[in-house]
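# Structural overview for review
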Amino acid sequence: MKKIILSALCLITLASCKKEAVEGPQGPAGTNGTNGTNGTGTTGTITGKIKQFDQYGTPYTTGLNTTTISVESTTNSATTDAVGNFTIANLPPGIYDLAISKPNCGLRKYQQITFPGNGTLYIDDDISDKATFTFVNGYVKDTTIGSVTSIK
C-alpha cells in the first residue's frame, strides 16, 4: 500500500511541474544577433566627419564630398558632404562592419561594431591618398663587365 501511495505522489508531483521556456541572449538592444531588426522597429543613426588628406599629409579643404561610408551586408551608405560630414539614418540594431572608401585611397574598415539602434553613434576618422611615385631616371650597373647603362 505504501508503494502505491508513494507512486501516486510522484506522479502528481511530476504532473504539477511546468516547464518554462527560457530564451537565450538576444544581442544588443534585443536584436536577434544578426543584421536585422528586433521586431520593435527601433532604428538609429551613424554620423560623423571624415577628414581627408593628400599623400603628404596636407588636409583637403575642397572636394570633400567624395568619400563613401558603407554598412557592409546592407544597402545603407552615405557620401560625405562638402565639409566631410556624413549621416546614415534608419539603421536597425545589429553587429555591423563599416567600410570607408575614397577614390585613389586605401580602404578603411571598422569591424564588428555593436549598434544598439536606438540613438546616434558618432564616428570621426581620417583617410589619405595613396602615395604615388614617378620614376625619373636611374642606371643599371653590370657588375661582371663594369659598364653602366643609363635609363631615362
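What you see is a predicted model, and the numbers here were worked out from it, not measured in a lab.

Criteria and thresholds
Residues numbered from 1 in each chain as written. Predicted model: local features only at pLDDT ≥ 70, side-chain atom pairs only at ≥ 80, totals over all residues. Heavy atoms only, no water. Helix = DSSP H or I, 4+ residues; strand = E, 2+ residues; numbered from the N terminus. Buried < 20%, exposed > 50% of the residue type's maximum accessible area, 1.4 Å probe, protein only. Contact = heavy atoms within 4.5 Å. Areas by Shrake-Rupley, 256 points an atom, 1.4 Å probe, with all protein chains shown as cover. Pairing = 2+ DSSP bridges. Axes fitted to C-alpha atoms, helices over the stretch in contact; angles between N-to-C directions. Salt bridge = Lys/Arg side-chain N within 4 Å of Asp/Glu carboxyl O. Core = buried A, V, L, I, M, F, W, Y, C linked by side-chain atoms within 4.5 Å.

### Some details on the overall build of the protein chain
Looking only at helices and strands, the protein chain features 1 helix and 10 strands. Mapped in sequence order, the helices and strands of the protein chain form the string α-β-β-β-β-β-β-β-β-β-β. When each of the 152 residues of the protein chain is scored for burial, the buried share is 25%. Looking at the protein chain alone, contacts between residues at least 24 apart form 54% of all its contacts between residues at least 6 apart. Carbon and sulfur atoms make up 56% of the accessible area of the protein chain, which totals about 10,700 Å².

### Remarks on the sheet that holds strand 5 (residues 94–101)
Spatially, 3-2-5-6 is the arrangement adopted by the 4 strands of the open sheet, whose pairing is antiparallel. Each end of this open sheet is capped by a strand with a single partner; those strands are strand 3 (77–79) and strand 6 (108–115). Here the strands of the sheet are splayed against their neighbours by 15° on average, with no regard to which way each runs. Taken together, the 4 bridges between strand 2 (residues 68–71) and strand 5 define a ladder with antiparallel strand orientation. Bridged to Thr-68 within strand 5 is Ser-101.

### Details of the pattern of salt bridges
Inspection of the entire model under this criterion finds 3 salt bridges. Between Lys-109 and Glu-72 there is a salt bridge; the shortest N-O distance is 3.1 Å. In this pair, Lys-109 sits in strand 6 while Glu-72 sits in the loop between strand 2 and strand 3, placing the two residues 37 residues apart along the sequence. Classification of Lys-109 by relative accessible area gives partly exposed; the value is 42%. Since its relative accessible area comes to 25%, Glu-72 is described here as partly exposed.

### Observations concerning unusual backbone geometry
Phi at Ser-73 is positive, roughly 70°, even though this residue is not glycine. Residue position: Ser-73 is located in the loop between strand 2 and strand 3. One non-glycine residue, Gln-112, adopts positive backbone phi at about 55°. Topologically, Gln-112 is positioned in strand 6. When its relative accessible area of 56% is taken as the criterion, Gln-112 is described as exposed.

### Description of the environment of Thr-62
Relative to the helices and strands, Thr-62 resides in the loop between strand 1 (44–53) and strand 2. Through-space distance from the C-alpha of Thr-62 to that of Val-83 is 7.6 Å; in sequence the pair is 21 residues apart.

### So, the side chain of Thr-67
Tracing the backbone through its elements, the reader meets Thr-67 in the loop between strand 1 and strand 2. Contacts of Thr-67, omitting those with residues within four sequence positions, involve Ile-50, Gln-52, Ala-78, Thr-79, Thr-80, Ile-100, Ser-101, Lys-102 and Ile-127.

### Section: the nonpolar core
Ranked by size, the top nonpolar core spans 16 residues in total, and within it Ile-46, Phe-86 and Ile-88 carry the most contacts. Contributing elements (two or more residues each) for this core: strand 1, strand 2, strand 4 (85–91), strand 5 and strand 6. If sequence neighbours within four positions are ignored, Ile-88 has contacts with Gly-44, Thr-45, Ile-46, Ile-69, Val-71, Asn-76, Ser-77 and Ala-78.

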